[in-house]
Every structure is written in C-alpha cells, then in structure tokens.
Amino acid sequence: LRDARRLVEEFGSPLYVYRLEQVQAACDDLLKTLPQPSTLLYSLKANPHPVLVSALLAGGCGGEVSSIGELELLDGSTTAPRTVLYTGPGKTTVELTAAVQRGARLFSVESPLELERLNEVAARQGVLVDCLIRVNPSGPGVAGQLLGAAPVQFGVDATRMLDEPESFRRGRSARVAGLHFYTATNVRDQAKLLTIFESHISTALELRDRCDVPLRTLGLGGGFAAPYGQPGARPRYRLRQALETVLDCRLPLWRRGSPAILFESGRHLVGTAGELVCTVVDVKRSRGRTFVVLDTGIHHIGGLAGLGRTFRPALTPSPAASEPAMRADLTGSLCTPADVLSRNVELAPTSPGDTLVIPNVGAYGLTASLIGFLSRQAPLEVVLSGDEVLSATRISLDRRPMD
Ligand SMILES: Cc1ncc(COP(=O)(O)O)c(C=O)c1O
C-alpha cells in the first residue's frame, strides 16, 4: 500500500487520505449488527466527501442531512439513497422551501413552530411531507454521552409532548409520521447503547399511547463510536439479536415495517478510514517546553470536534524502538495561540521535514475545521482504493458576487 511518505512526495503536504475499503467494511459490519429490516442513514456531517458518500449509498445506507448542501451531495451521488432524513434545529422557511423543492419528504421536526412552518411550506408547494418529532427524552443516565435528558436546543422535551399533545398533531401537508431520537454519540459500550435504544422504544410507546402520535416510523438514533485522532480500531458491535428481541417484544409489527426503524451513523462509518498526513516545519524550545510546529492546524483538523482533545500522531516511518521518546506540544502554523493540536504528548524524536500521520480523522476532520481562517489553502483530500488513487481534490473558498 502507498505509505504516507510516498503520498507526500506525490501530492505534497498536508493531505487527508481516505481508504475506501475501510468505509465499505465499516458499513457492512454495522449493517450486519442492526436489526432487519431497518434502515441505516449516513450522517453526512461526519464527512461529506462525494466519493465516500457514494460508497456508503452504494453499500445500502440512506442519508441523514442537515443542510441544502448535504442534500445536493446526495443528488450528485451515483446511487440514489433509499431514505433521506432532513434534521437539525432552527430550519428556516427559506431552507425548508429549498429542501422540499429538492425532493426532501422526511423531516425531523424540532418544535411545534417548525411543524407549522413546514406545513405551510409543503402546502404552498402542494406536496405531502412526513415528519418525525424529535424527542428530548428523560432517558437513562449515561452521563457525558447524552445530548438529550438535559436542557438542550435539540428536539422537544418528552414532558412537553405529554403536556401539549395537540401541538404535535397539526399539519395536513406536513403530517406526523413518528418520532426521532438522537441523544448519544461515540458510545463504545454496547450494553449502554442497548439501554439507550430500549429506553427510546419505551418513550416512543408512551408518547404514542398517551399523546396519540402515530408511529409509522421510529428513528432510534445512533451513537456508534470510533476513535478520533488516536490510534485504535472501531468497536465491533453485536446488537442484532438483542435489538430484534426487544423490538419483537415491544413493537410486534416492526418486522412488517410498522414502524419502519431508522438508525444513523457518521463517525463509525468513516472515522477510521481517514488520516491527516502532515510535515514538521519547526521544532523549538520556549521556557523549558518543546514545540513541534506542523504545516497543518485547526484550519484542517479539529476546529469543532477537536476542541479540548489531544491528538496523537505517529511518526512515519516508525522510528527504531531504541530511540528515546520526547515530550512536546504539537501546534499548527496559524497566528493564534488556539492553534494547538496536543499539549505535552509523547512523541518519537522529531525533526523538521519529518512526516507525521494523525490517525482516525476520517470523521469530523476537514469538514469540522476552521477552514476559512487566515485564508490558507485547504489540504488535498486523496481517496484510495487499495493502491489506486480514485480522487484527489481540494476544497476552495472563493468569494463570488451575489447572484
Ligand atoms: C441528529 C444527528 N444524527 C447523527 C449524528 C452523527 O453522529 P455520529 O457521527 O456520532 O454518528 C449527529 C451528530 O451530531 C446528529 O446530531
């Protein structure tokens, strides 16, 4: 396989490398561990690279999108997605209008106001759209990993739905088809994941029975984990049997599609497929500390997902085991003290010109970074299939006059 140094010689530094086989393997493995029938949606926010998106749709995923840009990426894919769920808090009338015009017909709806807005938009275009009310459940306590079960801008508190059920039934053009949950992310422990899914099923049944919301579709969310910026493998879950047993017991008609079950995943599908290859520009000492300055930084990696994280890159080729490690702060090359990728990490002895590889950044890498800051060029993104370069592209930010 092409190694990082060869890629740098060929394409320059820094560069993202995505390995398609890893994406396909993650997709196959996750589909195998989900109950059947169910639909797995790829969350494009993790990595919207068109080659990766096409591979995941071809592998059997639908799409979970949160912008018109992501919706357009699905249009451009070689395989049409089975199901597209449009999500996100704060969808404007302009955005909803464009989404419906572009064919979106299934929305996660985050408030009664949004339901009304979508209903008007769909009525104006003379179409019928389905809505899943996104629920912020009271949920099981897996502290630190829940986005819900706390005051958040996402979804509707389950208690509010119980108090005001009439607010969630309205809509001749935007009809409520079910419920959507997304409360957990990066959960390695499969027992915890199961507890979360079971709890969502219980909440969904309670809301169906007490608020009279239809349950033709049930989005159980995700939370499937992947290492980020650190060495390691994605977890291999074995959920299918346990989940099918719970579904058989609580929703006896689910195998006939009533309700249709949805899952979503971003990081687990693409996280381990990508690495950021970069070069050491300088190694300096300041008041007793060592700084390794890289030709990358928070404009390429981790502007969003990496805040507060410690990246652990590996030197490539690996040094001889006998060489003593050094401790250093790894920084980028931007004019801000915020441009730090890791503090006080152990590194193999490193000098200017060395190639470093930050592993497992296929998800929330470039797409979650401060790409416009300092008007630096984006790194190249190279997609490999085995040894073959399938694509080498660079995102550009150009200012165009308003149409
Ligand atoms: C609604 C929703 N779905 C899916 C995802 C993807 O999460 P992950 O990449 O952890 O699978 C997110 C992440 O923020 C989300 O908010």
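Bear in mind the structure is a predicted one, so any value in this text is a computation, not a measurement.

Draft legend 1. Region of interest: the site of the ligand. The full set of residues close to the ligand is S43, K45, E64, R134, Y182, T185, E264, S265, G266, R267 and Y364. E64 has a polar side-chain atom sitting 3.3 Å from a nitrogen atom of the ligand. In this structure, an oxygen atom belonging to the ligand sits 2.7 Å away from a side-chain N or O atom of Y182. Calculation on the ligand without its partners gives an accessible area of 400 Å², and the protein chains cover 88% of this total.

Draft legend 2. Highlighting the confidence of the model for the chain. The pLDDT averaged across the chain works out to 92; a share of 95% of its residues lies at or above 70. Of the regions scoring below 50 in pLDDT, residues 141–147 engages in 14 contacts with residues more than four places distant in sequence or in other chains.

Draft legend 3. A look at the pattern of salt bridges. Counted under the stated rule, the structure contains 19 salt bridges. A salt bridge links R236 to D29; its shortest N-O distance comes to 3.3 Å. Remark: D29 occurs in helix 2 (residues 20–33) and R236 occurs in the loop between strand 9 (217–219) and helix 9 (240–250); sequence separation between them is 207 residues. A salt bridge links R102 to D75, with the shortest nitrogen-to-oxygen separation between them at 3.0 Å. Residue R102 is located in the loop between helix 5 (93–101) and strand 5 (106–109), and its partner D75 is located in helix 4 (residues 68–75); the two are separated by 27 residues in the primary sequence. Of the residues examined, R102 reaches a relative accessible area of 39% and is grouped as partly exposed. Here the salt bridges share partners, and the residues they tie into one network are R240, E244, D248 and R255.

Draft legend 4. Geometry of the nonpolar core. Counting 97 residues, the largest nonpolar core has F107, M161, L179 and L218 as its most contacted members. Here this core takes nine residues from helix 8 (residues 190–211), the largest share from any one element. In contact with F107, not counting residues within four places along its chain, are L85, Y86, L96, A99, V100, L118, V129, D130, C131 and L132. Grouped together as the second largest cluster of nonpolar side chains are 10 residues, A4, V17, L380 and L384 included.

Draft legend 5. How the structure looks around a nonpolar patch on the surface. Together, L370, F373 and L374 make up a nonpolar patch on the protein surface, roughly 230 Å² of accessible area in all. For L374, the position within the fold is in the loop between strand 16 (355–358) and strand 17 (380–385). Overall, L374 belongs to the partly exposed group, its relative accessible area being 35%.

Draft legend 6. Spotlight on unusual backbone geometry. Following S13, the chain continues to P14 via a peptide bond in cis, the omega torsion being 0 degrees. Considering the arrangement of structural elements, one finds P14 in the loop between helix 1 (4–11) and strand 1 (15–19). Here the bond from Q36 into P37 is cis, since omega is 5 degrees, no more than 30 degrees from zero. Along the chain, P37 falls in the loop between helix 2 and strand 2 (39–43).

So, how was this worked out
- Residues numbered from 1 in each chain as written.
- Predicted model: local features only at pLDDT ≥ 70, side-chain atom pairs only at ≥ 80, totals over all residues.
- Heavy atoms only, no water.
- Near = heavy atom within 4 Å.
- Polar contact = N/O pair within 3.5 Å; in protein donor to acceptor, adjacent residues only side chain to side chain.
- Areas by Shrake-Rupley, 256 points an atom, 1.4 Å probe, with all protein chains shown as cover.
- pLDDT = per-residue confidence, 0-100.
- Contact = heavy atoms within 4.5 Å.
- Salt bridge = Lys/Arg side-chain N within 4 Å of Asp/Glu carboxyl O.
- Helix = DSSP H or I, 4+ residues; strand = E, 2+ residues; numbered from the N terminus.
- Buried < 20%, exposed > 50% of the residue type's maximum accessible area, 1.4 Å probe, protein only.
- Core = buried A, V, L, I, M, F, W, Y, C linked by side-chain atoms within 4.5 Å.
- Patch = residues over 30% accessible without salt bridge, like charges linked within 9 Å, V, L, I, M, F, W, Y side chains within 5 Å.

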